[in-house]
Amino acid sequence: MDKFEPWSEPLAREIIARHAAREGAVLPMLHDVQNTFGYVPEPVIPMIAEVLNISRAEVHGTFTFYHDFRHEPAGKHVLKFCRAEACQAAGGDHLCARAEQKLGVKIGETTADDRVTFEPIYCLGLCSVAPSAMLDGKIYGRLDEKRVDSLISEARR
Amino acid sequence: MSTKIYIPGDAAAVACGADEIAQAIAASAKKRGKEIQIVRNGSRGLHWLEPMLEVATPKGRVAYGPVTLSDVESVLDAMLGDGKHKLSHGIADEIPWLKNQTRLTFARCGIVDPRSLDDYKANHGYKGLAKAIAIGPEKTVEEVTNSGLRGRGGAGFPTGIKWKTVASTSADQKYIVCNADEGDSGTFADRMIMEGDPFVLIEGMTIAGMAVGATKGYVYIRSEYPHAIATFTDACEAGRKGGVLGKNILGSNYDFDIEVRTGAGAYVCGEETSLLESLEGRRGQVRAKPPLPAIKGLFGKPTVINNVLSLATVPIVMEKGAEFYKGFGMGRSRGTMPIQLAGNIKRGGLYEVAFGITLGELVDEIGGGTASGRPVRAVQVGGPLGAYFPRAFFDTPFDYEAFAARDGLIGHAGVVVFDDTVDMAKQARFAMEFCAIESCGKCTPCRIGSTRGVETIDRIVANNDRAKNLEVLEDLCNTMKFGSLCALGGFTPYPVMSALTHFPEDFGATPKLPQAAE
Ligand SMILES: Cc1cc2nc3c(=O)[nH]c(=O)nc-3n(C[C@H](O)[C@H](O)[C@H](O)COP(=O)(O)O)c2cc1C
Ligand code: SF4
Ligand code: FES
Ligand code: FES
């Protein structure tokens, strides 16, 4: 089962319309679009601009400012490793290097088979049970080599 | 009779398997034909014991932890039987780590069902608002001012004074904005409140709204916190149904409602004006002050912007009075601070205590030193913009002014512990790198200086014209400190310079031994 809908202009318009009456609607619109399609398809930018009566440049500027919003679909699974200080202190650097080696990509990249996008995240608020990670929205703490390996095999599935 | 079992739904517990354990406990009870009621409470904050399960007994709630899936059967045996188990810690409230705290802001966290308004009300909930309504807006602002409560988001600005500015600015619309962006590494107190006692934040925001004349509140929660977003959103819904959000709150003439907004992965959006820009739907670029948000804030309207903990502390201040709250603490740091112990630490978690406790007590005694068992070498307090302190500073009391006097800051009270394998030049480099990644781009010293900083540290470590580059680094830090609009660029020099000052040997001041593999 696919987590995301295939691109559909009517659906995009419907999503945007849902938030049109809200104050400061751009972020809620972008989030909802991304949650539906898995990324923010380019045609969405002018659609938002039109509905909110602001310039495309402004919507584009907002879209590009935030780390969360994707220009293109991610791999089938998204594995985010916390790279912030508490996780570093708890051995996160070593585990991140291990994950990079096992996946054959650097953090920030997607595997050649499009299965896993491996990304940094800066703190999940799990700093007392560090190191931590997130796989497809599910959170994991107290990572060690064994748990990292099993996360990776799960992500590869 | 059904047995009540508490299994935290707090993200720290969930990240350690609490959801799977809850399922297994339910399944096992069913198989045994035993009736149980599972409450997904927040966390008590003893995170090294998470998932920490509790069972209600006539003597009080008995705690077991850290429970793993393979312990489920035996723990359930103990819970339904004689209580004996190697993971039992006895009555939860009697665990010294918990008992020795002064829980004011976190009084209910981990105890109540976070989604139940009835439970909240049965545990002193809405006493603060009732009092505020009874004494009126002016006296409420006065009470908050007199309590000495200072902003818990980092800057430590007196909350009551901020409220007073908004209250005395007239406008057709005012806003309460709760800063739940909690981006600092080593911090999770805001998250725990939203997941464990969301109504205390709702009540605190409502009191703020009533006090300054605002009818609408926004809570800006970072996207890295899906559990907090879910629990807090549910609580708002329950609040609307229960008549504590919406029109005529608690039968008064006051109206107030809250909308939850999700951040999008930008650290700088925790800075208050950047957060307002983001809420308005723009790039999170920092605004120059003045005008203050209190005068021209969200959509140009007078706005109170406060951290989660500042707002969540207001109900108890109102309920028990300013004098009570002010009675805790030291110097100009009044009341208690929910301190978060994190990183390489044996007993990590949330520890709320009056200001004045020393860093050494926190790290060595309460935290039990490192998880790795190696010596503690450095501690970063206050997130990525906070200084690294060596053991020599362990006598520093937890107090805004005492930390500032040592070129450090308390920030949002996250304490990240590092053992002796840490490479402080690497940490300094990371501080610069983080600033470069997260800079909003508005000022050159922050945007460009941080990238230069990374390169300069690389040269220092590589012994490439070291003496000169050390000077360059110091200059760069000064330029960032004095030439940046906000504290991202302005405070990044703290971790960098403290690492260099207290741990010069890691920058090649003396020949370094090759690092042993982990
Ligand atoms: C880069 C940067 C990030 C910040 N992040 C946060 C944050 O995540 N949460 C927060 O409450 N305050 C944060 N602050 C502080 C806010 O600007 C502001 O002082 C605070 O929200 C005011 O609320 P308080 O008075 O209740 O502390 C940040 C400041 C800066 C410069
Ligand atoms: S210091 Fe950095 S983050 Fe702050 S306003 Fe300037 S460029 Fe933006
Ligand atoms: S630093 Fe990794 S979860 Fe906070
Ligand atoms: S805006 Fe250019 S230096 Fe500040």
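What you see is a predicted model; the values in this text were computed from it and never measured.

Let us now look at the overall build of chain B. Each helix and strand in chain B was counted, giving 21 helices and 16 strands. A compact globule built from 518 residues should have a C-alpha radius of gyration of about 24 Å, and chain B, at 24 Å, falls within 12% of that. Its C-alpha atoms put chain B at 75 × 60 × 40 Å along the principal axes. Relative to its 518 residues, chain B shows a buried fraction of 60%. If you take every contact in chain B between residues at least 6 apart in sequence, the share linking residues at least 24 apart comes to 70%. A total accessible area of about 18,900 Å² is found for chain B, and carbon and sulfur atoms account for 53% of it. Each charge class in chain B was averaged separately, 57 positive and 60 negative side chains, and the resulting centres sit 3 Å apart.

Taken residue by residue, the interface counts 67 residues in chain B and 42 residues in chain A. When the buried surface of chain B facing chain A is broken down by residue, Ala-15, Ala-264 and Arg-283 of chain B rank first, second and third, together holding 15% of it. In this structure, the connection of chain B to chain A is made through 3 salt bridges. A salt bridge links Glu-20 of chain B to Lys-138 of chain A, with the shortest nitrogen-to-oxygen separation between them at 2.9 Å. On inspection of chain B and its partner chain A, the count reaches 31 residue pairs in polar contact (both at pLDDT 80 or more). Where the side of chain B that touches chain A is concerned, the elements lending two or more residues are α1 (11-14), β7 (216-221), α11 (226-241), β8 (257-262), α12 (272-279), β12 (336-343), β16 (414-419) and α17 (424-438) of chain B.

Glancing now at the sheet that holds strand β1 (residues 3-6) of chain B. Sheets are built from strands that pair by backbone hydrogen bonding, the pairs being arranged parallel or antiparallel. All names here are of chain B. The sheet built from 5 strands is open, its strands ordered β2-β1-β3-β4-β5 with mixed pairing. On the outer flanks of this sheet lie β2 (36-39) and β5 (88-91), each paired with one strand and no other. The average angle at which neighbouring strand axes cross in this sheet is 25°, direction not considered. In the sheet, strand β3 (residues 53-57) pairs with strand β4 (residues 60-64) via 5 bridges, with the strands oriented antiparallel. The residue bridging Thr-57 from the neighbouring strand is Gly-60, located in β4.

All names here are of chain A. The 4 strands are arranged β2-β1-β3-β4 in an open sheet whose pairing can be described as mixed. The sheet terminates laterally at β2 (116-121) and β4 (138-140), the two strands that pair on one side only. Taken pair by pair, the neighbouring strands of this sheet meet at an average axis angle of 20°, ignoring direction. Pairing between strand β3 (residues 133-135) and β4: 3 bridges, direction antiparallel. Each residue of the ladder has a partner; that of Met-134, found in β4, is Ile-139.

With that out of the way, let us pick up the side chain of Glu-143 of chain B. Residues and elements named next belong to chain B. Note on placement: Glu-143 falls in helix α7 (residues 137-146). One buried charge, Glu-143, has no salt-bridge partner; the nearest side chain with opposite charge is Lys-131, at 4.4 Å. Not counting the four nearest positions on each side in its chain, Glu-143 is found in contact with Lys-131, Val-317, Met-318, Gly-321 and Ala-322.

This part takes up the site of ligand 1. Residues and elements named next belong to chain B. Taken together, 18 residues surround ligand 1, and among them Gly-153, Asn-179, Asn-306, Asn-307 and Ser-310 come closest. One of the backbone N or O atoms of Arg-152 is found 3.3 Å from an oxygen atom in ligand 1. Glu-272 places a main-chain nitrogen or oxygen 3.0 Å from an oxygen atom of ligand 1. Elements that contribute at least two residues to the shell around ligand 1 include exactly β9 (303-307) and α20 (487-491). The element that contributes the greatest number of residues to the shell around ligand 1 is β9, accounting for 3 residues. When the residues that make up the shell around ligand 1 are grouped by side-chain class, the tally is 4 nonpolar, 8 polar and 6 charged.

Evaluated as defined, the whole model comprises 22 aromatic pairs over all chains. Judged by centre distance (5.5 Å) and plane angle (85°), the ring pair of Tyr-120 of chain B and Tyr-126 of chain B falls under edge-to-face. Residue class for Tyr-120 of chain B comes out buried when judged on its relative accessible area of 1%. For Tyr-126 of chain B, a relative accessible area of 4% corresponds to the buried category. Among the aromatic side chains, those forming a connected cluster through ring pairs are Phe-63, Phe-65, Tyr-66 and Phe-69 of chain A. Between the NZ or CZ atom of Arg-222 of chain B and the centre of the ring of Tyr-225 of chain B, over which it lies, the distance is 4.9 Å. Residue placement shows Lys-481 of chain B over the ring face of Tyr-494 of chain B; its charged tip is 5.4 Å from the ring centre.

Here chain B shows a mean pLDDT of 96. Residues at 70 or above account for 98%. Listed scores for the predicted complex are pTM 0.97 and ipTM 0.97.

All names here are of chain A. For the pair helix α6 (residues 92-103) and helix α7 (residues 145-156), the least separation of the axes is 10 Å and the interaxial angle reads 35°. Considering only the axes of α6 and α7, their crossing is right-handed. Contacts from His-94, Leu-95, Arg-98, Ala-99, Lys-102 and Leu-103 in α6 reach Glu-145, Val-148, Asp-149, Ile-152 and Arg-156 in α7. Along the lines of polarity and charge, the residues of the contact of α6 with α7 split into 5 nonpolar, 1 polar and 5 charged.

Another aspect to go through is the pattern of salt bridges. Across all of its chains, the model carries 50 salt bridges over all chains by this definition. The shortest N-O distance in the salt bridge between Glu-100 of chain A and Lys-106 of chain A comes to 3.8 Å. Residue classification places Glu-100 of chain A among the buried positions, given a relative accessible area of 16%. What emerges from the salt-bridge pattern is a single network uniting Arg-22 of chain A together with Lys-216, Glu-259 and Arg-261 of chain B.

Cut-offs applied
- Residues numbered from 1 in each chain as written.
- Chains lettered and ligands numbered in written order.
- Predicted model: local features only at pLDDT ≥ 70, side-chain atom pairs only at ≥ 80, totals over all residues.
- Heavy atoms only, no water.
- Helix = DSSP H or I, 4+ residues; strand = E, 2+ residues; numbered from the N terminus.
- Rg over C-alpha atoms; globule rule 2.2 N^0.38 Å.
- Buried < 20%, exposed > 50% of the residue type's maximum accessible area, 1.4 Å probe, protein only.
- Contact = heavy atoms within 4.5 Å.
- Areas by Shrake-Rupley, 256 points an atom, 1.4 Å probe, with all protein chains shown as cover.
- Lys, Arg positive; Asp, Glu negative; His and termini not counted.
- Charge placed at Lys NZ, Arg CZ, Asp CG, Glu CD.
- Buried area = accessible area lost by both parts, 1.4 Å probe.
- Salt bridge = Lys/Arg side-chain N within 4 Å of Asp/Glu carboxyl O.
- Polar contact = N/O pair within 3.5 Å; in protein donor to acceptor, adjacent residues only side chain to side chain.
- Pairing = 2+ DSSP bridges.
- Axes fitted to C-alpha atoms, helices over the stretch in contact; angles between N-to-C directions.
- Near = heavy atom within 4 Å.
- Nonpolar A, V, L, I, M, F, W, Y, C, P; charged D, E, K, R; others polar.
- Phe/Tyr/Trp six-rings, centres within 6.5 Å; stacked < 30°, edge-to-face > 60°.
- Lys NZ or Arg CZ within 6 Å of the ring centre and 35° of its normal.
- pLDDT = per-residue confidence, 0-100.
- Left-handed = near helix turned anticlockwise from the far one by under 90°.

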